[in-house]
Structure formats: structure tokens, C-alpha cells
Amino acid sequence: MKNKNNEEGLKRELTTRQLSMIAMGMAIGTGLFLGSGLAIGTAGPSVLISYTIGAFIVLLLMGCLAEMTVAYPTSGSFGTIADKYLHPMVGFLVRYSYWIAQVLAIGVEISAIAIYMKYWFPEVPGIVWIIVFAAVLIYVNATSVNAFATFEYWFSMIKVSAIVAFILLGAFVLFGTSSHVNVGAKNLVDHGGFMPFGFKGMWIAVFISLFSFLGTELVAVTAGEAKEPDVAVPKALKATVFRLTAFYVLTMAIMLMIVPWKSAGIEESPFVKVMEILNIPGASGVMNFIVLTAALSSMNGQLYASSRTMFSLSSEKFAPAILGKLNKKGVPTTALIVSTMGIALAAVVSALMPGSSYAFMMGISMFGSLFTWLIIFISHLSFRRGWEKIGGRKLPVRMMGFPYLTILGGLLLLSLMVTAWFTDFKIMLQFGIPWLLFLSLAYFVINKRNSQKSDVLQNQETV
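Residues numbered from 1 in each chain as written. Predicted model: local features only at pLDDT ≥ 70, side-chain atom pairs only at ≥ 80, totals over all residues. Heavy atoms only, no water.

S.K.: Can you explain the overall build of the protein? Please cite residues and give values.
M.R.: Along its length, the protein carries 19 helices and 0 strands. Counting the 463 residues in the protein, one finds 60% classified as buried. A sequence separation of at least 24 residues applies to 83% of the contacts in the protein between residues at least 6 apart. When the accessible surface of the protein is split by element, carbon and sulfur atoms take 67% of a total near 18300 Å². (Helix = DSSP H or I, 4+ residues; strand = E, 2+ residues; numbered from the N terminus. Buried < 20%, exposed > 50% of the residue type's maximum accessible area, 1.4 Å probe, protein only. Contact = heavy atoms within 4.5 Å. Areas by Shrake-Rupley, 256 points an atom, 1.4 Å probe, with all protein chains shown as cover.)

As C-alpha cells, this is what we get:
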């Protein structure tokens, strides 16, 4: 039974403009600014195809999500829908999996922040920056949803402005001047050709590209605190997908034409390397500040998403009641504190594996998000049929090409998850499969306990 008072305690203060920027901010993070180096090293220039395929999957996902979120604009979002149209156990699994994905993704972002700060302070241990920036963002999230949205809006504005400036600068270097003789389209085919690692490398990079797009689904989670969810959510989702596709493909193409793909890596952002190659005074430092802002923005959004997901679980009595308590500003502070576990994990991993902490945290964080995406596709198939069967109101947003494109999106995503087993990201499934088994056992234990409590209450009322 949903805790109605808890749901009503959330403040509906988020505007369409804020939702759009929050979604952009979540998706334009270390996946683009740092993870792109890993994708380029895996696929070479054919990473452009990889990101295009990844964007296509996300476009299909957002179509399904927009339709369902308009019908159920709650903080539970896709978890509530899976609960209603698939099975309560599926709703339980997807919400806890999404929660752990966000918690671990916080660790990914904070690991990246430690890497970025080494640009200016190479002698300072990464754990120092993890503690400092974590404290600041926890404070911001604990203040109010408006404080969170305001910070996220301006964080995102900085990132979007920087990417636009990067595209314009890159275009000028490539087409408006002849002073840089080693740049141009030739870099897309030199050094082993456009597809140096064949189809396999390109396909694996699709999997990596999905990490860059993780976070766009946050708009659905914010629906419970949106002013006009029927209008704001679909508009924000559509705008986000098309802007992200343009940003990712254009920036990657420009980057590859300026920086030979073999120079890519995750020791520093490829964007910073572009500025170093162009030898623009002070530009690499400015770009490092921007990618630092990007990581802070994503981490800010992930703290929000994880705390609201845990709040939703508590309201459904699948987490302790204390995690559903709100402070005077309407923020679930206890859920927020519990959701900072990823920061502690990142601090430990950063100390034990300083050279590979980013790739490790990225690998284990992806399962929950991709599992959530898969359930969204499956839920949509059941949702549309169920909605039409009960004669629900006409939906203002409908997924195109139903059911064929919904099925295509689900199959593409499932095949990419299976692909992970044969790559260096095998750890995603090694972590994810036991996680689902653990959650399944936990569901039966919690459900049995809740049923027993319900029976006791009913008996007391009868007496």
C-alpha cells in the first residue's frame, strides 16, 4: 500500500526548463568527457557508428518512457509501472537495481573528479577531493528540491555552453584555418582505417556508449516533483534525446579529426587533449574545469535519483519507514544519506586501485541501469495492452511503431548486455546476476513479513 502522505510531501516545484536541463546534465557527464576515450580506444573512428546506434536505442527508450510517465507521474516512475503491469516483484527488482546503479554511478563520477583534480594538484591524494566534493553536493541535495534544480540547471548550462563552444572552435580549426596541418578527415581513416578493430570493436563500443546516455531516464523520476508532468516530461525527454545525439556525434567527430584516435585514453579527458594539441593558452585548464563541472552535475543528479528511488521503495513498504521521512523542505534526507554509499566505495576503490578505479566502478554500475532500461521496454509492451484494455484516457504521447520498435529496442539492449560477458566489462554481469538473486530472495522475505503484519492488523480490526 502506497504511503499517500509521503507522496504528498514531495514538492511539485520543477519546471519544464529545469527538467530539460536536469536530463541533459545527467547524460552529459564523464561518459562523454572521460568515458569517450575508452570507447574511442575500443572502436577507433567507427565509434561514431557506435554512438549513433546507442542514441537510437535511447530514442526508442525515451518514446516508451514518455508515454508511460504521462500516465503515472510519480517518484516511483518505471518501478511503479513494472509493479502494476508486470508483477510486484519486478517493480521491486527494478527499483532496487536502479537505486544501486545510481549509488554506484555516484562512485564513478567521484572517481572521475579525483582524476580531473590531479591536473592541477598531482600530489594530492584523490580521496581528499572525494571527501570535499561529496560533502558539498550532499549539502545541496539536503537543502531543497529547488536548490538541487538550481545548481543542476547552471551546472548543465556550463556544460552545454562548453560543448557548443567546442563544436564551433573545432569547426573553425578544421575548416576555417590551415595552420594545423595534422588535423582533418584523414584522421578518420589513417592509423588502421575507419574500423581498425572490425565490427566487434564497433559493437563493444556501443555498449560503452550506453554509459554516456545513462541518466536521461531521470526525467521520469522527477515527474513526482514536476509542476505539469503531462506537458513537462514528454517535452523534456524528446528535447534531451535529439540534443544529446547531435552533441555526442558532432563532438566525437570533431575530436577524432583533431586527435588521432590512438591517443585516446582515460588518464585525462580527450577534450583536454584536444586543447593541448591546439596549443591554446590556458584552454586545457578551462576545459578541465568544465569536465569537472560535468562530473559534479551528474553526481548531483544521481544523488537526487537514488534518494527518490529509495523514498519510493519506502512508501511501498519495501524499505524501512525511516527512509520515507521528509524534512521540512520536502527532502528525504535519510534516503539521501543511505544513497551516499557509492562515495564510500569509490574512496576505497580509489585508494586500492588508483589506476583502474574509473573503469571498475563504471563496469559494476552499469548493470542496474541497463536492467532498468530492459524492464522499461518490457513494461511498455504490457502497459499499452493493459491501458487499452481498461479503456484509459487517450494518451497525449504515444510510442511510434508499437509494438515493433519497442521489441527492437529491447532486443538490441539485451544483446548488448550479453555482449558484455565476452569483454572486459564481464564484471557487470558477474556483479549483476548475483545481485538479482539476492534481491529475489529479499523480496520473498520482505513480502512475507508485510503479509504477516497485514494479517495481524486485520485480525486486530476484526476484534
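S.K.: So, the pattern of salt bridges: which residues are in play, and what are the values?
M.R.: The final tally for this structure, using the stated rule, is 3 salt bridges. The partner of Glu67 in a salt bridge is Arg384, and the shortest N-O contact between them spans 2.7 Å. Taken together, the positions of Glu67 in helix 5 (residues 47-71) and Arg384 in helix 17 (residues 357-389) put the pair 317 residues apart, joining distant regions of the chain. The two residues Glu67 and Arg384 agree in class, both being buried. With a shortest N-O distance of 4.0 Å, Arg95 and Glu316 are connected by a salt bridge. (Salt bridge = Lys/Arg side-chain N within 4 Å of Asp/Glu carboxyl O.)

S.K.: Describe helix 7 (residues 88-117), naming the residues involved and giving the relevant values.
M.R.: With 30 residues, helix 7 extends 44 Å from end C-alpha to end C-alpha; this agrees with the ideal 44 Å at 1.5 Å per step. Summarising burial for helix 7: 27 of the 30 residues are buried, a large majority. (Expected span 1.5 Å × (residues − 1).)

S.K.: So what's going on with the packing of aromatic side chains? Which residues, and what values?
M.R.: Going through the model one piece at a time under the given rule, you end up with 23 aromatic pairs. With a centroid separation of 5.6 Å and 20° between ring planes, the pair formed by Tyr51 and Tyr248 is classed as stacked. Taken together, the residues span a long stretch of sequence, with Tyr51 in helix 5 and Tyr248 in helix 12 (residues 229-258) at a distance of 197 residues. With a centroid separation of 5.1 Å and 70° between ring planes, the pair formed by Phe92 and Phe318 is classed as edge-to-face. With a gap of 226 residues between them, Phe92 in helix 7 and Phe318 in the loop between helix 14 (283-315) and helix 15 (333-338) connect regions that are remote in the sequence. Summarising the burial analysis for this pair, Phe92 and Phe318 share the class buried. Among the aromatic side chains, those forming a connected cluster through ring pairs are Phe92, Tyr96, Trp99, Phe318, Tyr443 and Phe444. Here Lys84 stacks its cationic end above the ring of Tyr85, 5.9 Å away from the centre of that ring. (Phe/Tyr/Trp six-rings, centres within 6.5 Å; stacked < 30°, edge-to-face > 60°. Lys NZ or Arg CZ within 6 Å of the ring centre and 35° of its normal.)

S.K.: Run through helix 6 (residues 78-85), naming residues and quoting values.
M.R.: Most of helix 6 sits out of view: 6 of its 8 residues are buried. For helix 6, the set of buried residues is Phe78, Gly79, Thr80, Ile81, Ala82 and Tyr85.

S.K.: So what about the confidence of the model for the protein? Which residues, and what values?
M.R.: For residues with low pLDDT, the predicted coordinates do not support detailed interpretation. Confidence in the prediction for the protein averages 80 pLDDT; 83% of positions are at 70 or higher. Within the protein, helix 1 (residues 4-9) has the poorest average pLDDT of any element, 46, and helix 18 (residues 404-419) the best, 95. This stretch, residues 1-7, has a pLDDT under 50; its non-local contacts, to residues over four places away or in other chains, come to 15 contacts. (pLDDT = per-residue confidence, 0-100.)

S.K.: Can you lay out the packing of helix 6 against helix 7 for me, pointing to particular residues and giving the numbers?
M.R.: For any two helices packed against each other, one specifies the inter-axial angle together with the distance between the axes. Two numbers describe how helix 6 lies on helix 7: the axes approach to 6 Å, and their chain directions differ by 160°. Between helix 6 and helix 7, the crossing angle belongs to the class labelled roughly antiparallel. The element helix 6 and its partner helix 7 pack so that their crossing is right-handed. Counted together, Phe78, Gly79, Thr80, Ala82 and Asp83 of helix 6 and Pro88, Val90, Gly91, Val94, Arg95 and Tyr98 of helix 7 form the full contact between these two elements. Considered class by class, the residues forming the contact of helix 6 with helix 7 number 6 nonpolar, 3 polar and 2 charged. (Axes fitted to C-alpha atoms, helices over the stretch in contact; angles between N-to-C directions. Parallel < 35°, antiparallel > 145°, perpendicular 65-115°, else oblique. Left-handed = near helix turned anticlockwise from the far one by under 90°. Nonpolar A, V, L, I, M, F, W, Y, C, P; charged D, E, K, R; others polar.)

S.K.: Account for the environment of Ala149, naming residues and giving values.
M.R.: Checked against the element boundaries, Ala149 lands in helix 9 (residues 145-175). You can call Ala149 buried: its relative accessible area is 0%. Sequence separation of Ala149 and Tyr304 is 155 residues, and the distance between their C-alpha atoms is 9.6 Å.

S.K.: Which residues make up the side chain of Thr406, and what are the values?
M.R.: Structurally, the position occupied by Thr406 is in helix 18. Residues within four places of Thr406 in sequence aside, it is in contact with Cys64, Phe377, His380, Leu381 and Met399.

S.K.: I'd like a rundown of a nonpolar patch on the surface, residues and numbers included.
M.R.: On the surface, a nonpolar cluster with roughly 440 Å² of combined accessible area is contributed by Tyr119, Trp120, Phe121, Ile158 and Phe289. Mapping Phe289 onto the fold places it in helix 14. The partly exposed category is assigned to Phe289, whose relative accessible area is 43%. (Patch = residues over 30% accessible without salt bridge, like charges linked within 9 Å, V, L, I, M, F, W, Y side chains within 5 Å.)

S.K.: Help me get a handle on unusual backbone geometry, residues and values and all.
M.R.: Geometrically, the link from Phe402 to Pro403 is a cis peptide bond, its omega value of 0° lying close to zero. Mapping Pro403 onto the fold places it in the loop between helix 17 and helix 18. At Lys317, a residue that is not glycine, the phi angle is positive and equals roughly 65°. Note that Lys317 resides in the loop between helix 14 and helix 15. For Lys317, a relative accessible area of 47% gives the class partly exposed.

S.K.: Before we move on, can you summarise the environment of Phe371 with the specific residues and values?
M.R.: Considering the arrangement of structural elements, one finds Phe371 in helix 17. Each residue touching Phe371, except ones within four places of it in the same chain, is listed here: Leu93, Val94, Ser97, Met417 and Leu436.

S.K.: Explain the packing of helix 8 (residues 126-143) against helix 14 to me, and be specific about the residues and the numbers.
M.R.: The N-to-C vectors of helix 8 and helix 14 enclose an angle of 50°; their axes lie 10 Å apart at closest approach. Taken together, the axes of helix 8 and helix 14 lie oblique to each other. Where helix 8 crosses over helix 14, the handedness of that crossing is right-handed. Judged by residue contacts, Phe133, Ala134, Leu137, Ile138, Val140 and Asn141 of helix 8 engage Leu292, Leu296, Met299, Asn300, Leu303 and Tyr304 from helix 14. Across the contact of helix 8 with helix 14, the residue classes break down as 10 nonpolar, 2 polar and no charged.

S.K.: Give me the environment of Val272: which residues, what numbers.
M.R.: Residue placement: Val272 occurs in helix 13 (residues 270-278). Residues Val272 and Val291 lie 19 residues apart in sequence; the distance between their C-alpha atoms is 8.7 Å. Those residues within four positions of Val272 in sequence are excluded, and the remaining contacts are Tyr119, Ser284, Met287 and Asn288.

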